[in-house]
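The residues making up each chain are set out below.
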Amino acid sequence: MKTLLLTLSLLFVTLSVGPAFAKDPVYTSWKNNLAVGGYDTVSFFSGKPQNGKKDLTFDFAGAKWRFATRGNLDLFKTNPEAFMPQYGGYCSWAVAKDKLAKGSPHYWHVEDGKLYLNFNARIQRRWEKDIPGFVKAADGNWPEILKD
């Protein structure tokens, strides 16, 4: 019994700590491999984010990207980097602080033609207090932060 408990404890600690290799360059949920939570990343640039459709997907950078329209899918295919969220969709404020946290499609901002996601409303408010400063800091941390 003690051996079983010790084995389970070690397994739990190992899984909790996580792998000792680089993180994915695009944030996706553990439940699926959807970038931007399944939202159409192109739609953010019109100011009206939309959920993507299951039948309009494109695999890129190790993630599945969904789109609301065929036009947005085609546009993304021409230049994915132009429409992908910065820092792979991880929380922009967290990356500026040299940390990784999930980005949420509900807390977003387009600045200078680039899409930034943040973790929640509180973090979004912090981000908005000094966007240029946080962008500069995050740019300095990215992509090295993925190499934990």
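Here the residue numbering is sequential within each chain, running from 1 through the sequence in written order. Whole-chain, interface and lining totals are the exception, using all residues; otherwise, since this is a predicted model, local features are given only for residues with pLDDT of at least 70 and side-chain atom pairs are given and counted only at 80 or more. In computing side-chain values, all of the structure's heavy atoms are included and hydrogens and water are not.

1. Observations regarding the packing of aromatic side chains
- Only Phe, Tyr and Trp rings are paired, with Trp represented by its six-membered ring, and only when their centres lie within 6.5 Å; those with planes under 30 degrees apart are stacked, over 60 edge-to-face, the remainder tilted. Counted under the stated rule, the structure contains 14 aromatic pairs.
- Where Tyr39 meets Phe44, the ring centres are 6.1 Å apart and the plane angle is 50 degrees; that geometry is what we call tilted.
- Three exposure classes are used, based on accessible area relative to the maximum for each residue type with a 1.4 Å probe and protein chains only: buried under 20%, partly exposed in between, and exposed over 50%. Residue Tyr39 is classed as buried on the basis of its relative accessible area of 16%.
- By the ring-pair criterion, three or more aromatic residues cluster together here, those being Tyr27, Tyr87, Tyr90, Tyr116, Trp127, Phe134 and Trp142.

2. As for the pairing of strand E1 (residues 53–60)
- Here E1 runs beside strand E2 (residues 63–67); their pairing, made up of five bridges, is antiparallel. From the neighbouring strand, Lys53 faces E2, where its bridge partner is Phe67. When DSSP finds two or more bridges between two strands, those strands count as paired. Helix and strand labels come from DSSP, where a helix needs a run of H or I of at least four residues and a strand needs a run of E of at least two; each type is numbered from the N terminus.

3. Details of helix H6 (residues 131–141)
- Taken together, the buried positions of H6 are occupied by Ile131, Phe134, Val135, Ala138 and Asn141. Here the buried residues of H6 occupy an arc of 125 degrees about the axis, which is enough to place them on one side. With respect to the buried face of H6, the exposed residues turned more than 90 degrees away are Pro132, Lys136 and Gly140.
- Contacts are assigned to residue pairs with any non-hydrogen atoms lying within 4.5 Å of each other. Packing partners of the buried residues in H6 comprise helix H4 (92–96), strand E3 (104–111), strand E4 (114–118) and helix H5 (121–129).
- Side-chain atoms alone can form a polar contact between residues adjacent in sequence; in general such a contact is a pair of N or O atoms within 3.5 Å, and within protein one must be able to donate a hydrogen while the other accepts it. Two to three positions downstream of the cap, the backbone nitrogen of Gly133 sits 3.0 Å from a side-chain oxygen, assigning the N-cap of H6 to Asp130. The arc under discussion is defined with respect to the helix axis, by the directions toward the C-beta atoms.

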